[in-house]
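Now for the letters of each chain:
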Amino acid sequence: MGDDSSAPTQYASGPGLAVARPRHDAPPTRGISTPHGVVRPGAARHGVALHDGDAEWEARVSRLREHLATSGRPPRDAANAPEAERATARWLKRQRELLRAGALPERRLRHLDSVVPGWRDPRGTDWHGTAVAVGLHLAETGAYPSPSAPDAAERRLATWLRTQRRAEASGRLAPDRLAWLELNLPSWRRPADEGWDDTLAAVAGFIAETGRFPREAAQEEPSERRLAGWLRRQREAAADDRLDDERRRALDDAVPGWLDPAAARWTRTARRLAGWVAAHDRLPAKHAADPLERRLGEWLAGQRRLAAAGSLPAARAARLDRSVPSWRERPDAAWRRRLDELVAFIAETGRAPARTTDAGDDERRAAAWLAEQRTAARAGSLSAARRAALDAAVVGWFDDEREWRQQADRLASRLALGAAAPASRAEDPEERSLARWLQRQRSLAGTGELDESRERWLDRQLPGWRDHRLNAWEHTAARLLAFRAEHGRLPARGAGATALELELGVWLNNQRSAARRGGLSPARERWLDARIPEWRDPRLASWLRRAAELAAYVAERGRLPYERSTVERSRRLGTWLQTQRRAHRDGTLDATRIAWLDANAPGWAGQGSGPRPMPPSEPATPQRVPGERRLGDDDGLPRIA
């Protein structure tokens, strides 16, 4: 039969009572069999429907649920609403009226409560529509709505869900609503659990892939920084007792050692050491060429030192005892192998190994090991047994005098070739070795421990060796002198200067500035004055270059240049010479320039004492002016290289 709302009704006068009665002109019906007996038309009983019609009624319920799922709101009986929505709204209103009158069957009441919680209250239907919208968002995105989402609708759903959590925590959430949430929205109380589990899995995967914990300092990897920040927050929560036991157990299982990263790193390194020893059947060496072996060797040496000092925890020592039983023993076997490698190298090449740029990894490793033995012997930390073994296998291995001479000769040869002073941070191992050796000589001289003969040798071969800054200054000054000899001028700092010229130009300008303020030592001033007389005045250097061109012209032509000549060279030099004459007449030409011109270009001032300028068309006949002094005469004037 049709829906309750489709049957014509008459309403009783009592308030809130809406009992459906059949029309008098309706066809007679037979009684309906119920568990309570046969109910005749008109014999309404409390809680018993006048008509059955369950199939049509359930179809109405399905339409109500469909509307709530699609629109997220209850149906409205408004003029602008679709007719189907208005019919559903009238039907829902009728069910509420039947409920208030006590005429809604119990089975229908239970069904509505289970599938449309909150239907009894018009506002409850709004609740159900929002709950369905949250479920749809979860199904589509795989996550609960976020309160910080850019979409306003998603933020509204997140706020609604937070309100339900607060209501449940305070006991104000209706049982039917709580049952619906538990059934349809798993983990609605703590929607962060799913995201937390995903992040935990990401951290575990990162550690499995990289062999280390994520770092917040990883500037180029935002995902790694995010995982590191998450892990740090878990540690902070654990320290403040804010991390529940379930999450703590999950972290312990997925990320062992998460609470103590240092302990976790130690465990990983110990595990890596055990695997390396099992693969190579020996302990790693801290001077190995392979980076992994070198790191493991250095780490193992550190564990031995801690154990010897009593600072290694018993649990760590026991773990090493189980995984690498020989870790406590001094690496005598490794030391012996190094000695055998050294002996084999000397027998094959006839010389001691060196740490030069063209040396192979094996040679450089042997040289580093031999230098370490010498250092230990000087410090008195080399055991008598090892020293005896070295003395027997490698004659003269600790010939300190020979080694000293070799290093000194290498340093002197390097500086003689014009190379810069050795730097302790250079890429070349040989240069770093020389820098450390020279620094050691300075340290020994400072404490009075350097042998006098060595000190005299260094004073003779490398003046200023005691002051590393003086060495560098003299070296740069020598490079400046070489540049001047090669190019015939001092370096410039213009846009077209090379890197070397720019470096030397800046250095020379710094010397001028220091000399003007009195910050340049007298020894350095004398050095520059003796070798580069024009160093103080950058304009004098360019003036001397043009003056040298003038002197060369006079030597070739036997006359002074003419500023109105049709020959470009003569015109250019004549113009420059005319500028010097004007400066001389004005009293602005200094004595040094005047003396230079008097010595190398007699008659330059135009007083008739020198050779008379000839017209450009006259043939040039080289002639020597009486009393003329040429470049190279010992007149004490500035020179052009």
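Residues numbered from 1 in each chain as written. Predicted model: local features only at pLDDT ≥ 70, side-chain atom pairs only at ≥ 80, totals over all residues. Heavy atoms only, no water.

A short note on the overall build of the chain
Within the chain, the regular secondary structure consists of 24 helices and 2 strands. Taking all 641 residues of the chain together, the buried fraction comes to 36%. Here the contacts in the chain between residues at least 6 apart in sequence split such that 52% fall between residues at least 24 apart. For the chain, the accessible surface area stands at approximately 37100 Å², while carbon and sulfur atoms represent 50% of it. (Helix = DSSP H or I, 4+ residues; strand = E, 2+ residues; numbered from the N terminus. Buried < 20%, exposed > 50% of the residue type's maximum accessible area, 1.4 Å probe, protein only. Contact = heavy atoms within 4.5 Å. Areas by Shrake-Rupley, 256 points an atom, 1.4 Å probe, with all protein chains shown as cover.)

A word on the environment of R572
Relative to the helices and strands, R572 resides in helix 23 (residues 568-586). Each C-alpha atom of the pair R572 and P561 lies 8.4 Å from the other, and the pair is 11 residues apart in sequence.

As for the nonpolar core
Counting residues in each nonpolar core, the largest one holds 17 residues, and the members touching the most others are W543, L550, W576, L589, W596, L597 and W604. Counting only elements with at least two residues in this core, the list comes to helix 22 (538-557), helix 23 and helix 24 (591-600). Among the elements that take part in this core, helix 22 stands out by supplying 7 residues, more than any other. Residues in contact with L550, not counting those within four places in the same chain, are P561, L573, W576, L577, L597 and A601. (Core = buried A, V, L, I, M, F, W, Y, C linked by side-chain atoms within 4.5 Å.)

A short note on helix 21 (residues 522-531)
Regarding helix 21, the residues found buried are E525, W527 and L528. Down the axis of helix 21, the smallest arc covering the buried residues is 160°, so these residues share one side. Across from the buried face of helix 21, at angles greater than 90 degrees, the exposed residues are P522, R526 and A530. (Arc of directions from axis to C-beta.)

Quick notes on the environment of L273
Within the secondary structure, L273 sits in helix 10 (residues 261-280). Using a relative accessible area of 0% as the deciding quantity, one classes L273 as buried. Sequence separation between L273 and L296 is 23 residues, and the spatial gap between their C-alpha atoms is 6.4 Å.

Observations concerning the packing of helix 10 against helix 12 (residues 314-323)
Contact geometry of helix 10 with helix 12 gives a least axis separation of 10 Å together with a crossing angle of 15°. Taken as axis vectors, helix 10 and helix 12 run roughly parallel relative to one another. Considering how the two elements wind past one another, helix 10 and helix 12 form a crossing that is right-handed. Contacts between helix 10 and helix 12 involve A262, A263, W266, T267, A270, R271, L273 and A274 on the former and, on the latter, R316, R319, L320 and S323. Each residue belonging to the contact of helix 10 with helix 12 can be placed in one class, and the counts come to 7 nonpolar, 2 polar and 3 charged. (Axes fitted to C-alpha atoms, helices over the stretch in contact; angles between N-to-C directions. Parallel < 35°, antiparallel > 145°, perpendicular 65-115°, else oblique. Left-handed = near helix turned anticlockwise from the far one by under 90°. Nonpolar A, V, L, I, M, F, W, Y, C, P; charged D, E, K, R; others polar.)

Digging into the environment of T575
Here T575 shows up in helix 23. Look at T575 and you get partly exposed, because its relative accessible area is 43%. A sequence separation of 13 residues divides T575 from Y562, and the C-alpha atoms of the two residues are 7.5 Å apart.

Some points on the pattern of salt bridges
Counted by the stated rule, this structure contains 25 salt bridges. The partner of R110 in a salt bridge is E106, and the shortest N-O contact between them spans 3.8 Å. Here E106 and R110 lie together in helix 3 (residues 106-115), a separation of 4 residues that amounts to about one turn. Overall, the relative accessible area of 45% leaves E106 in the partly exposed class. (Salt bridge = Lys/Arg side-chain N within 4 Å of Asp/Glu carboxyl O.)

Digging into the packing of aromatic side chains
Overall, the coordinates contain 8 aromatic pairs when judged by the stated rule. Judged by centre distance (6.1 Å) and plane angle (80°), the rings of W127 and W180 are edge-to-face. Of this pair, W127 sits in helix 4 (residues 122-141) while W180 is found in helix 6 (residues 175-184), placing the two residues 53 residues apart along the sequence. Summarising the burial analysis for this pair, W127 and W180 share the class buried. Joined through ring pairs, the aromatic side chains of W127, W160 and W180 make up one cluster. The positively charged end of R235 is found above the aromatic ring belonging to F213, 5.8 Å away from the centroid. (Phe/Tyr/Trp six-rings, centres within 6.5 Å; stacked < 30°, edge-to-face > 60°. Lys NZ or Arg CZ within 6 Å of the ring centre and 35° of its normal.)

Describing the confidence of the model for the chain
Mean pLDDT for the chain: 76, with 80% of residues reaching 70 or above. No element of the chain has a lower mean pLDDT than strand 1 (residues 32-34), at 36, and none a higher one than helix 23, at 89. For the stretch residues 1-51, pLDDT sits under 50, and the model shows 59 contacts to residues farther than four places along the chain or on other chains. (pLDDT = per-residue confidence, 0-100.)

Side note on the side chain of R108
Along the chain, R108 turns up in helix 3. According to the relative accessible area criterion, R108 is buried, its value standing at 2%.

Observations concerning the packing of helix 10 against helix 11 (residues 291-308)
Helix-helix packing is characterised by the crossing angle of the two axes and by the distance between the axes. For the pair helix 10 and helix 11, the least separation of the axes is 11 Å and the interaxial angle reads 115°. Seen along the crossing, helix 10 lies across helix 11 with a hand that is left-handed. Across the interface between the two elements, W266, T269, A270, R272, L273 and W276 from helix 10 touch L292, E293, L296, W299, L300 and Q303 from helix 11. Within the contact of helix 10 with helix 11, the residues separate by chemical class into 8 nonpolar, 2 polar and 2 charged.

Brief notes about the side chain of E363
Among the structural elements, E363 can be located in helix 14 (residues 361-379). Within the structure, E363 has its side chain in polar contact with the backbone nitrogen of A354 (distance 3.1 Å). Beyond its immediate chain neighbours, meaning those up to four positions away, E363 contacts F345, R351, P353 and A354. (Polar contact = N/O pair within 3.5 Å; in protein donor to acceptor, adjacent residues only side chain to side chain.)

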